[in-house]
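Listed below, chain by chain, are the residues.
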Amino acid sequence: MIVADRKPIEEIIAEIKEHEKILILGCNECVTVCEAGGKKEVGVLASALRMYFLNQGRDVKLDEITLERQCDHEYLEEIRDVIDQYDAVVSLACGVGVQFMAEKYHTMPVYPGVNTCFLGVTEKRGLWTERCQACGQCILARTGGICPVSRCAKRILNGPCGGSTQGSCEINKEISCAWQLIIDRLKALDRLDDYEQIDPIKDWSTDRAGGPRKVEREDVQQ
Amino acid sequence: MKINTPSKLEKILAAGHLAVTSECGPPRGSDPEVIVEKANLIKDHVDAINITDNQTSVTRMCSLAACIKLKLMGLEPVLQMVTRDRNRIALQSDILGAAAFDIHNVLCLSGDHQSFGDCPTGQNVHDIDSIQLIQTVRHMRDESKFLGGDDISRSPKMFVGAAANPFADPFEIRVPRLAKKIAAGVEFIQTQCIYDLDKFELWMKMAGDRGLLEKVSILAGVTPFKSVGMARYMKNRVPGIEVPDEMIKRMADTPKEKQPEEGVKICIESMQRLKEVEGVRGFHVMAIEWEEMVPEIVEKTGLYPRPSVD
């Protein structure tokens, strides 16, 4: 899933403080799972903002809506009938949802309520960690199912570097060395001989480096 | 041994001499005299001088410019290149720039993470990794081609080196990793600082058993301790360096004012033992900000005068 983290409330207030009628718009997908932008967090943020404006002696309209998704036309259309009641939207969706919202409601100011962090997993409640950088050319078949692009601080394709120490990355003991994990996994798969195959220079054109990407599937287009 | 480049370092190794290299860190400023002074301290006692490439991710004068300065002094530079700061366009471009000044040695590294340096909020590049950089230089040299496939006019004649750390984890892939660098085309290796000689000898034995030592020249890396504090720092804080407890004790048991002398003594003793290790073809003496000690270390190890090759 896309993992996000809550923005500091001071930052949100700084963006929206001039507005009078604000919609806090949550998303029921990834940001709900990572507890940053679902219905519950919409409620928490709205309450905090109400308290702030009350203390400022201001009467600001603050409504809460949580959509099934903000990255699909059909769900974003659900607010078309009510959007004119507001002069700003704080979207707690990931950056994808914020942007789709801005594209669809072209004259409506929309502010991000979360920082979109990475594609990752829930290791346990309250702990999410990165697994994928969407490079567009998956190499996991060669690396035993562990991704050095997302999990090595230097995205080294032929690792580990000299900084790997007792299973940890040189930048932080709490981060596992991706290449230690790869080697452990190749061993578990009885494939350690594969370690010596040199991974070729990567084609990064399918990555961010190649410019904004798209996936187009004629077979599923109407 | 076939000679592939005009590198003096390659010629010395091919002639069967124990090579001696050292290194200088460029200044945090634009004064070229810093490089000249450091180089003058060691130039008669080493065959080639590495210039580090923004080591520990601290911004400094670029390695290429400092290497050119050495070249203009008539010395033999080893251009260190890390893959952290430049993409494949910039790396190939700098390789050609170095070759334009007849810099004939390159050391291919990934580089410390930028979080250790003075720009921890910066991006890193890592378009290619150190093994792929070895491949890149060999491709440019041997095929006279850019990575993109176009021809290079006057290909870069560089003797290609890399680092190896026999002490980093996991130990079981330390020899396979050396094999991988050799398969990529590396011709000489400068090792991480060696303090745990038993472990180094085991690594060399394992490399020898696989027939790797005929395919690459291993320069054993050594760094003298200036103090017991430095020894402890190397042991506890520098990733991938192992210092045996008895070596720390030996430094600690020495009065503070005598510790530099003791550190140099340990270094020389280590080098004497390393000279006898099969496959050791020379030394890379890293006297960190202590370049003035290099001549004494080289002389007392019986490696002076340096051989001349045409």
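Cut-offs used in this document
Residues numbered from 1 in each chain as written. Chains lettered and ligands numbered in written order. Predicted model: local features only at pLDDT ≥ 70, side-chain atom pairs only at ≥ 80, totals over all residues. Heavy atoms only, no water. Contact = heavy atoms within 4.5 Å. Buried area = accessible area lost by both parts, 1.4 Å probe. Salt bridge = Lys/Arg side-chain N within 4 Å of Asp/Glu carboxyl O. Polar contact = N/O pair within 3.5 Å; in protein donor to acceptor, adjacent residues only side chain to side chain. Helix = DSSP H or I, 4+ residues; strand = E, 2+ residues; numbered from the N terminus. Nonpolar A, V, L, I, M, F, W, Y, C, P; charged D, E, K, R; others polar. Pairing = 2+ DSSP bridges. Axes fitted to C-alpha atoms, helices over the stretch in contact; angles between N-to-C directions. Core = buried A, V, L, I, M, F, W, Y, C linked by side-chain atoms within 4.5 Å. Buried < 20%, exposed > 50% of the residue type's maximum accessible area, 1.4 Å probe, protein only. Patch = residues over 30% accessible without salt bridge, like charges linked within 9 Å, V, L, I, M, F, W, Y side chains within 5 Å. Areas by Shrake-Rupley, 256 points an atom, 1.4 Å probe, with all protein chains shown as cover. Phe/Tyr/Trp six-rings, centres within 6.5 Å; stacked < 30°, edge-to-face > 60°.

Novice: Which residues make up the interface of chain B and chain A, and what values do they have?
Specialist: Each partner contributes to the interface: chain B provides 34 residues, whereas chain A provides 29 residues. It is Gln 132, Asp 169 and Lys 180 of chain B that lose the most area in chain B upon contact with chain A, and together they represent 22% of the buried surface on that side. The interface formed by chain B and chain A includes two salt bridges. Between Arg 210 of chain B and Glu 196 of chain A there is a salt bridge, with the nearest N and O atoms lying 2.5 Å from each other. At the boundary of chain B and chain A, one finds 21 residue pairs in polar contact (both at pLDDT 80 or more). Breaking the side of chain B that touches chain A down by element, the ones donating at least two residues are helix H5 (130–142) and helix H6 (174–184) of chain B. Ranked by residue count, the leading element in the side of chain B that touches chain A is H6 of chain B, at seven residues. Its residues assigned to classes, the side of chain B that touches chain A shows 13 nonpolar, 11 polar and 10 charged.

Novice: How would you sum up the sheet that holds strand E7 (residues 127–132) of chain A? Please name residues and give values.
Specialist: All names here are of chain A. Taken in spatial order, the three strands make up an open sheet running E1-E6-E7, and their pairing is antiparallel. Every interior strand has two partners, whereas the edge strands, strand E1 (2–6) and E7, have only one. When the angles between neighbouring strand axes are averaged without regard to direction, this sheet yields 75°. With five bridges joining them, strand E6 (residues 114–124) and E7 adopt antiparallel strand pairing.

Novice: Describe in detail the nonpolar core, supporting the description with residues and values.
Specialist: With 84 residues, the main nonpolar core has Phe 200, Phe 225 and Leu 274 of chain B as its most contacted residues. Looking at this core element by element, the count peaks at six residues for helix H10 (residues 259–275) of chain B. Those residues in contact with Phe 200 of chain B, other than ones at most four positions away along the chain, are Pro 166, Phe 167, Thr 191, Ile 194, Ala 220, Leu 274, Val 277 and Val 280 of chain B. Ranked by size, the runner-up nonpolar core spans 24 residues in total, among them Val 3, Ala 4, Ile 12 and Leu 49 of chain A.

Novice: Residue-level account of the sheet that holds strand E4 (residues 105–109) of chain B, with values.
Specialist: Residue and element names in this part refer to chain B. In spatial order, the strands read E1-E2-E3-E4-E5-E6-E7-E8; together these eight strands close into a barrel with parallel pairing. Strand-to-strand, the axes of this sheet are offset by a mean angle of 30°, without reference to chain direction. As paired strands, strand E1 (residues 19–24) and strand E8 (residues 280–285) are joined by four bridges and run parallel to one another. Considered in E8, the bridge of Ser 22 is made with Val 285. Packing of H10 onto the sheet brings it into contact with strand E7 (217–222) and E8, and relative to E8 it is tilted by some 160°.

Novice: So what's going on with the pairing of strand E3 (residues 77–82) of chain B? Which residues, and what values?
Specialist: As a general feature of sheets, a regular strand has side chains that alternate between the two faces. All names here are of chain B. Counted residue by residue, E3 has six buried out of six residues, so it is predominantly covered. Alternating positions in E3 separate into two faces, Pro 77, Leu 79 and Met 81 on one and Val 78, Gln 80 and Val 82 on the other, with burial throughout. As paired elements, strand E2 (residues 48–51) and E3 share three bridges and run parallel to each other. In the strand pairing of E3, Ile 49 is matched with Pro 77.

Novice: For a nonpolar patch on the surface, give the residues involved together with the corresponding values.
Specialist: Together, Ile 171 and Ile 175 of chain A together with Phe 116 of chain B line one region of the surface with nonpolar side chains, adding up to about 220 Å² of accessible area. Note that Ile 175 of chain A resides in strand E9 (residues 172–176).

Novice: Would you mind going over the packing of aromatic side chains in detail, with residue names and values included?
Specialist: The full count for this structure, using the stated rule, is five aromatic pairs over all chains. For the pair Trp 179 of chain A and Tyr 195 of chain A, a centre-to-centre distance of 6.2 Å together with 75° between the ring planes defines the contact as edge-to-face. Separated by 16 residues along the polypeptide, Trp 179 of chain A in helix H7 (residues 178–188) and Tyr 195 of chain A in the segment after H7 bring together distant segments of the chain. Owing to a relative accessible area of 4%, Trp 179 of chain A belongs among the buried residues under this scheme. On the accessibility criterion, Tyr 195 of chain A (3% relative accessible area) is buried. Geometrically, the ring pair formed by Phe 159 of chain B and Phe 188 of chain B is stacked, given 5.0 Å between the ring centres and 25° between the ring planes. Taken together, the positions of Phe 159 of chain B in strand E5 (residues 159–164) and Phe 188 of chain B in strand E6 (residues 188–193) put the pair 29 residues apart, joining distant regions of the chain. For Phe 159 of chain B, a relative accessible area of 4% gives the class buried. The exposure class of Phe 188 of chain B is buried, given its relative accessible area of 0%.

In short, the description is geometric, and any link to function would need to be established separately.
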